[in-house]
Amino acid sequence: MKALVLREFGTMAVEEIDAPTPGAGEVRLRVRLTGICGSDLHGFTGANGRRVPGQVMGHETVGVVESVGACVDLPVGGPATINPVVGCGTCEACRAGTEQYCPTKRVIGVDATRTASFAEYVVAPASNVLPLPSAMPEAYGALVEPLSVGYHAAGRGAVGPEDRVLVLGGGPIGQAAAIAARRLGAGRVVVSEPHEGRRGLCRALGVDVVDPGAGPVGEQVSSLLDGPASVALDAVGASATVADAFASTGLGSRVVLVGMGMPKLELDAFSVSTGERALVGAFSYTSREFAETAQWVGTVPPQLSDLVEREVTADQAPAQFAELAADSAVLPPGKVLVRFS
Ligand SMILES: NC(=O)c1ccc[n+]([C@@H]2O[C@H](COP(=O)([O-])OP(=O)(O)OC[C@H]3O[C@@H](n4cnc5c(N)ncnc54)[C@H](O)[C@@H]3O)[C@@H](O)[C@H]2O)c1
Ligand SMILES: [Zn+2]
Ligand SMILES: [Zn+2]
C-alpha cells in the first residue's frame with residue numbers, strides 16, 4: 001500500500017509498504033482522508049521529539065471499514081473514524097474511560113510501533129473505531145479528533161450556558177474550543193488570534209474575534225463581553241497567552257491550558273493565588289468525549305463546512321508538509337487533508 005513515510009526529519013516520501021492485517025478484535029479501515037495536525041508538522045521537523053524517522057504518522061482520519069478480525073461485530077463498508085488513543089483496556093484509568101491517563105497508552109500516528117493513518121490502510125482496535133453516518137460529508141470524519149480536543153478543553157473548563165468564554169489562538173484547536181464552548185451552551189465566545197485569515201474563519205463560526213496586536217487583549221475582551229471572561233481556553237500555550245488569559249478573566253475564573261506552544265511558561269503567580277483562578281491542563285480526550293463528538297459531527301452541524309481548507313493527494317503531501325512546516329506565516333485558516341482513496 002501507499003504510505004507517507006517520515007524518511008528523516010524534514011523529508012517525507014510516498015512509499016510502498018506492507019498493508020497491515022487486522023488481528024482478533026481489530027478493524028482495518030481503507031483510509032479516505034487524514035488531516036495534517038500541527039503535531040505532525042512538529043514531528044516532521046523533529047521539533048517535538050515525539051516522532052521518529054521511518055515511521056508513518058496520521059491520527060485525524062476518516063475511512064471505510066474494509067475488513068475485520070475475529071470477534072469483531074462491525075459491518076464492513078460503512079464510513080468510520082478512529083479514536084487514536086489506544087489504552088491498555090484493563091488499568092484503572094481505562095476502566096474509568098479516561099484512557100488519556102493510561103500509563104501504557106499508545107497513540108495511533110504518534111507511536112511508531114502502530115500502523116497509522118497517512119496510508120491507504122490502517123488497523124485499530126474495534127473499540128477505537130466509531131462508525132459514522134453514510135450521508136455526512138466524509139471530510140467531517142477527519143475533524144472528529146481535533147474537535148474532541150477542543151470539547152475536552154471546554155469540558156475541563158466546565159463551560160456552561162452562564163459563561164463568557166475567551167479562546168486564545170484561532171488555529172484548528174482554538175476553532176475546536178470555540179465550537180465546543182458554543183456546543184456546551186456558552187452564548188458569548190471571543191477568540192483572540194493575530195492571523196487575519198483565521199480571525200475571518202472564526203467570525204464565520206459565529207464567534208467574536210480580537211486581534212492581540214490591536215491593543216491589550218483584556219480591554220478588548222472586556223468591552224466585547226461587557227466585563228471579564230469567566231473561562232479562558234488557551235489554545236496557544238505561551239507566556240503571552242497565559243498573561244492575556246489572566247488579564248481577560250475575573251477573580252475566581254477558570255483558565256484551561258490546552259495549547260502546548262512552549263515547554264516552560266512564565267506566569268503571574270498572584271493571578272492564580274490571590275485571583276483564585278483555577279489553572280487546569282487539558283490533554284486529548286476521554287473515549288466518551290470522542291464518541292459524543294463523533295455523534296455530534298454525524299448530525300452535520302453547519303459550522304463544520306468552514307473548517308476544511310483544502311485536500312491534497314498523497315503524492316502532493318510531502319511538498320505540502322515541507323511548505324506548511326517552513327513558514328508559520330503561510331498557515332492556512334483551516335485544515336489541510338490528505339486523500340488516500
Ligand atoms: N493538549 C492537547 O491535547 C493538544 C492536542 C492538539 C494540539 N495541541 C496544541 O494546541 C496548540 C494549538 O494547536 P493548533 O493545531 O491550533 O496550532 P496552530 O499553530 O495551527 O494554531 C495556533 C494559533 O495561535 C495563534 N497565536 C500565536 N500567538 C498568539 C497570541 N499571542 N495570541 C493569540 N493567538 C496566537 C497563531 O496565529 C495560530 O493561529 C499547539 O500548541 C498544539 O501543540 C494540544
Ligand atoms: Zn492532532
Ligand atoms: Zn490502561
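These numbers were taken from a predicted model, which means no experiment stands behind them.

Calculation criteria
Within each chain, residue numbers correspond to sequence positions counted from 1 in written order. Chains and ligands are labelled sequentially in the order written, the chains with letters from A and the ligands with numbers from 1. A pLDDT threshold of at least 70 governs which residues receive local features in this predicted model, and a stricter bar of 80 or more applies before side-chain atom pairs are shown or counted, although totals over entire chains, interfaces and linings include all residues. Excluding hydrogens and water, the side-chain figures rest on all heavy atoms present in the structure. Accessibility here uses a 1.4 Å probe with only protein chains present; expressed as a share of the type maximum, an area under 20% marks a residue as buried, one over 50% as exposed, and anything in between as partly exposed. The numbering of helices and of strands both runs from the N terminus, where a helix is a DSSP run of H or I of at least 4 residues and a strand a run of E of at least 2. Note on pairing: DSSP must find at least two bridges between two strands before they are called paired. Cavity: a set of points on a 1 Å grid over the protein atoms alone where a 1.4 Å probe fits but cannot get out. Pocket: an open set with protein on both sides within 12 Å along at least five of seven lines, its lining residues, like those of a cavity, having an atom within 4 Å of a point. Grid points are joined across faces, edges and corners, and a volume is the space filled by probe spheres set on the points. Coordinating donors are taken to be N, O and S atoms lying within 2.8 Å of the metal, or within 3.2 Å when the metal is Na, K or Ca; because water is excluded from the atom set, some sites may appear incomplete. Note on geometry labels: four donors, all angles 85 to 135 degrees, give tetrahedral; four donors become square planar and six octahedral when opposite donors are over 155 degrees apart and every other angle is between 65 and 115; remaining cases are irregular. Stacked, edge-to-face and tilted are the three classes for Phe, Tyr and Trp ring pairs, Trp counted by its six-membered ring, which pair at centre distances within 6.5 Å; planes under 30 degrees apart are stacked, over 60 edge-to-face, the rest tilted.

## Some points on the pairing of strand β8 (residues 121-125)
Within β8, 5 of the 5 residues are buried, which leaves the element mostly enclosed by the surrounding structure. In this sheet, β8 lies alongside strand β3 (residues 26-35) in antiparallel orientation, the contact comprising 5 bridges. Residue V27 lies in a different strand from β8, and its bridge partner there is A124.

## Describing empty space enclosed by the protein
Counted according to the given criterion, the structure contains 1 cavity of 30 Å³ or more. Size it by volume and the largest cavity reaches roughly 50 Å³. Taken together, L143, P146, L147, P172, Q175, A176, L307 and K335 make up the lining of the largest cavity. The element best represented in the lining of the largest cavity is helix α4 (residues 172-183), accounting for 3 residues.

## Observations concerning the pairing of strand β4 (residues 60-68)
Summarising the sheet, β3 and β4 pair through 8 bridges and their orientation is antiparallel. Residue pairing across strands places R30 opposite V64, the latter belonging to β4.

## Re the coordination of the zinc ion (ligand 3)
Surrounding the zinc ion (ligand 3) are the protein donor atoms C88 (SG), C91 (SG), C94 (SG) and C102 (SG), at 2.3 Å. Around the zinc ion (ligand 3), the 4 donor atoms are arranged such that angles at the metal cover 104 to 115 degrees; this shape is classified as tetrahedral. Between the donor residues of the zinc ion (ligand 3), the gaps in sequence give the motif C-x2-C-x2-C-x7-C. Neither C91 nor C94 differs from the other in exposure class; each is buried.

## A few points about the packing of aromatic side chains
Counted by the stated rule, this structure contains 3 aromatic pairs. Measuring from centroid to centroid gives 5.5 Å for F44 and F321, while their planes differ by 50 degrees, and the two rings are tilted. One end of the pair, F44, is in helix α1 (residues 38-45); the other, F321, is in helix α10 (residues 317-326), and 277 residues separate them in sequence. Take F44: its relative accessible area is 4%, and that puts it in the buried class.

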